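Breakdown of the fold
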Amino acid sequence: LLKYQWQRNSVAVPGATSSTLVLTNLQLAQAGTYSVRVTNAFGVTLSSNALLTVNRPPVADASATQPLVIAPLRCDATVVLDSSRSSDPDGDPLHYLWFKAGATSPFATGVVAVVTLPPGVNPLMLVVDDGLATDSQGFTVEVLTLAQAVERLIARVNAQAPRSQPLVATLA
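Residues numbered from 1 in each chain as written. Predicted model: local features only at pLDDT ≥ 70, side-chain atom pairs only at ≥ 80, totals over all residues. Heavy atoms only, no water.

1. Quick notes on the overall build of the chain
Each helix and strand counted, the chain has two helices and twelve strands in total. Walking the chain from its N terminus toward its C terminus, one meets helices and strands in the order β-β-β-β-β-β-β-β-β-β-β-β-α-α. Projecting the C-alpha coordinates of the chain onto the three principal axes gives extents of approximately 110 × 40 × 25 Å. By the burial criterion, 26% of the 172 residues in the chain qualify as buried. Within the chain, residue pairs in contact and separated by at least 24 positions form 54% of the contacts whose partners lie at least 6 positions apart. Charged side chains of the chain number 10 positive and 11 negative; the gap between the two group centres comes to 6 Å. (Helix = DSSP H or I, 4+ residues; strand = E, 2+ residues; numbered from the N terminus. Buried < 20%, exposed > 50% of the residue type's maximum accessible area, 1.4 Å probe, protein only. Contact = heavy atoms within 4.5 Å. Lys, Arg positive; Asp, Glu negative; His and termini not counted. Charge placed at Lys NZ, Arg CZ, Asp CG, Glu CD.)

Set out below in structure tokens:
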């Protein structure tokens, strides 16, 4: 009859006495070196160690990308996609993938990517991968034509300017 006692960092894991060890809802505190001590009427043996690391997912952050860009005359706009605010709580190296909405293949890679986008609203997705887990963030970049940009500027100036009175009323 075999008896089992699982250990983490050379300390018995309470209640872990079956031939397999199942860990659920892993937390950082469960990381460590695991082994099992097996005993029977003839003696005791200790397994080799297995190292368990717990990976936390990265955080995708495309907020450094300008959400509004003006295109030159009759051209698509050059846009800088910037994910430099993305991070990984474990300090793992990250891979950056940029997707157009609905696409299965990235149209750009890298922490910073320079791309061209057509006028209009461009829904995009940033996916950050640390090799074990991913995170994604959807966002939009709106590309305005020069005429649209001028129209918006005029509307903003008119909305913020104090209501002027006719010159005659001012002189009176």
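2. Describing the environment of Leu26
Note on placement: Leu26 falls in the loop between β2 (11-12) and β3 (32-40). With a relative accessible area of 38%, Leu26 lands in the partly exposed category. Residues Leu26 and Cys75, 49 residues apart in the sequence, show an inter-C-alpha distance of 51 Å. Look past the residues within four positions of Leu26 in its chain and what remains in contact with it is Leu52 and Val54.

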